[in-house]
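Chain by chain, the residues:
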Amino acid sequence: MTATLHAADLLALFGHFLLLSLLAVGGAITTTPDMHRYLVAEQHWLTNAQFTASIALAQAAPGPNVLFVAVLGYNAAGLPGALATMAGILLPSTTLALWATRWGRSNKETRGVRAFTLGLAPLTCGLLLSTGWVLTEPSRDSPGAMLLVGWTAVVTARTRWSPIWLVALGAIVGAMGYA
Amino acid sequence: MSAPDDTEPLREPRSCGHLFAVFTRLALQGFGGVLPVAQHELVERERWLSRDEFLEMLSVSQVLPGPNVVNLSLMIGDRYFGLRGAASALAGMLALPLVLMLALAVLYGRFADNPMVAGALRGMGAVSAGLALAMAWKMMGSLRNNPLGLPLSLCFGAATVVLVAVLRWPLAGVVAGLGSLAIALAWWRLRP
């Protein structure tokens, strides 16, 4: 399936992800339905199973979730594909973020900017809680895994242990079949 | 709440290389999401940001398009070393994890069905969930200083959880609707 796409196809791939970048409010993961429509249904560059496996893999590997975009590109068109999708998804949003953050910093003390950041703070906390909740989904039918979720939350809230040790412990407990 | 205290003096990154190294270390620890690790590394370990600053930056990076941890790395890098700093932090966040990810993509087919590998991934996923929940708990401490007041802030937070996690509304709609209301209220409470 790792077909070699022509330059024109790569350009189209790049262009499509360029467009998705500006729609990706709340992270690139929110645009997965459209990526699926484009890569699987419209262009047939990936199978359904390849698409799902790409996302599962990115969840399992360390690093920002956005890297699943690179895996999609890689599976569709090899390294040039990974480059096209990553550059596409990052260029517009990073440019905008940089511009907005500079503007915000020079107007930091104005009432408008303060109202904006402080007003959104409760929603940000809610979104973090939601993220935690959604991440527990694969664990919910396993008492061992839910115990691990709860234990991690308590240890993290009360100590300064580095997350890497907790993740390693989770991997060991899981590999032994308790999660 | 006996979370680690937030009173130690703040520090600054020494150089672009330092930014790159810290963001690489942070990204490589993030399984299933970098955000909980970012809070630990940037607020508790490096002390580049206070908990309140972290929450404010996160709020902004959340509403901008693009991955919020990527936006966060740009903001922090740019704050200390301008464009070079932003590029260093972004490269730290993405370069090594990307190489690792593509290597894994090549290997994945061979080990996906191994029960120990699948179990380890499930265990790591459970830890990621716990990390995210603990981080939300710590961040809620900052809401006490919010101009909306703690009770109203908690109502907005709870409404967000219901809309996003339970009803699965699109995030853009929740931020536009509920977010606008919260911003308008904060604007009114901040009147001189």
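As the structure is a prediction and not an experimental result, all values here were calculated from the model.

### With respect to the overall build of chain A
Part 1 of the argument: When helices and strands are counted, chain A shows seven helices and zero strands.
Part 2 of the argument: Mapped in sequence order, the helices and strands of chain A form the string α-α-α-α-α-α-α.
Part 3 of the argument: Computed over the C-alpha atoms, the radius of gyration of chain A is 20 Å, more than 25% above the 16 Å expected from 2.2 N^0.38 for a compact globule of 179 residues.
Part 4 of the argument: When burial is assessed residue by residue, chain A has 49% of its 179 residues classed as buried.
Part 5 of the argument: For chain A, long-range pairs separated by at least 24 residues make up 52% of all intrachain contacts whose partners lie at least 6 apart in sequence.

### Concerning the domain arrangement of chain B
Part 1 of the argument: Each assigned domain of chain B is listed with its residue range as follows: domain 1 (1-140) and domain 2 (146-192).
Part 2 of the argument: A straight line from the C-alpha centre of domain 1 of chain B to that of domain 2 of chain B covers 25 Å.

### Regarding the environment of R14 of chain B
Residues and elements named next belong to chain B.
Part 1 of the argument: Assignment of secondary structure puts R14 in the segment before α1 (16-29).
Part 2 of the argument: Looking at R14, the number of C-beta atoms within 10 Å reads 10, which means it is exposed.
Part 3 of the argument: Considered as a pair, R14 and V175 are 161 residues apart in the sequence and their alpha carbons are 36 Å apart.

### Some details on the domain arrangement of chain A
Part 1 of the argument: What the domain assignment reports for chain A is domain 1 (7-120) and domain 2 (136-179).
Part 2 of the argument: The straight-line distance from the C-alpha centre of domain 1 of chain A to that of domain 2 of chain A is 29 Å.

### Some points on helix α2 (residues 32-42) of chain A
Residue and element names in this part refer to chain A.
Part 1 of the argument: Of all the positions in α2, only M35, Y38 and L39 are classed as buried. Seen along its axis, α2 keeps its buried residues to an arc of 80°; they face one direction. Residues P33, R37, A41 and E42 are exposed on α2 and point more than 90 degrees away from its buried face.
Part 2 of the argument: Of the surrounding secondary structure, the elements contacted by the buried residues of α2 are α1 (7-23), α3 (48-60) and α4 (68-106).
Part 3 of the argument: Looking at the residues trailing α2, positive phi occurs at H44, about 55°.

### Observations concerning the interface of chain B and chain A
Part 1 of the argument: Taken together, the contacts link 92 residues of chain B with 84 residues of chain A.
Part 2 of the argument: At the level of elements, α1, α2 (35-45), α3 (51-63), α4 (68-111), α5 (115-140), α6 (150-166) and α7 (171-189) of chain B are the ones that each hand at least two residues to the side of chain B that touches chain A.
Part 3 of the argument: Here the side of chain B that touches chain A takes 23 residues from α5 of chain B, the largest share from any one element.
Part 4 of the argument: Tallied by class, residues from the side of chain B that touches chain A come to 65 nonpolar, 22 polar and five charged.

### What to know about the confidence of the model for chain A
Part 1 of the argument: Averaged over every residue, the pLDDT of chain A is 86; the share at 70 or more is 94%.
Part 2 of the argument: Within chain A, the lowest mean pLDDT, 76, falls on α3 of chain A, and the highest, 92, falls on helix α6 (residues 143-158) of chain A.

### What to know about unusual backbone geometry
Part 1 of the argument: In the Ramachandran plot, H44 of chain A falls in the positive-phi region, its phi being about 55° despite a non-glycine side chain.
Part 2 of the argument: By the secondary structure assignment, H44 of chain A is in the loop between α2 and α3.
Part 3 of the argument: Although it is not a glycine, R47 of chain B adopts a positive phi angle of roughly 60°.
Part 4 of the argument: Looking at the secondary structure, you find R47 of chain B in the loop between α2 and α3.
Part 5 of the argument: Given 14 C-beta atoms within 10 Å, R47 of chain B falls into the partly exposed group.

### A closer look at the packing of α2 of chain A against α3 of chain A
Residues and elements named next belong to chain A.
Part 1 of the argument: Two elements in contact, α2 and α3, have axes separated by 10 Å at closest approach and are oriented at 145°. Read as a crossing pair, α2 and α3 show a hand that is right-handed. Here α2 contributes T32, H36, L39 and V40 to the contact with α3, which in turn contributes N48, F51 and I55.
Part 2 of the argument: Counted by class, the contact of α2 with α3 contains four nonpolar, three polar and no charged residues.

### Focus: the environment of A97 of chain A
Part 1 of the argument: Residue placement: A97 of chain A occurs in helix α4.
Part 2 of the argument: Residue classification places A97 of chain A among the buried positions, given that 27 C-beta atoms sit within 10 Å.
Part 3 of the argument: Setting aside residues no more than four positions away along its own chain, A97 of chain A makes contact with L64, G66, N71 and L74 of chain B.

What counts, and where the lines are drawn
- Residues numbered from 1 in each chain as written.
- Chains lettered and ligands numbered in written order.
- Predicted model: local features only at pLDDT ≥ 70, side-chain atom pairs only at ≥ 80, totals over all residues.
- Helix = DSSP H or I, 4+ residues; strand = E, 2+ residues; numbered from the N terminus.
- Rg over C-alpha atoms; globule rule 2.2 N^0.38 Å.
- Buried ≥ 20, exposed ≤ 12 C-beta atoms within 10 Å, placed from the backbone.
- Contact = placed C-beta atoms within 7 Å.
- Domains from an automatic or database assignment.
- Arc of directions from axis to C-beta.
- Nonpolar A, V, L, I, M, F, W, Y, C, P; charged D, E, K, R; others polar.
- pLDDT = per-residue confidence, 0-100.
- Axes fitted to C-alpha atoms, helices over the stretch in contact; angles between N-to-C directions.
- Left-handed = near helix turned anticlockwise from the far one by under 90°.

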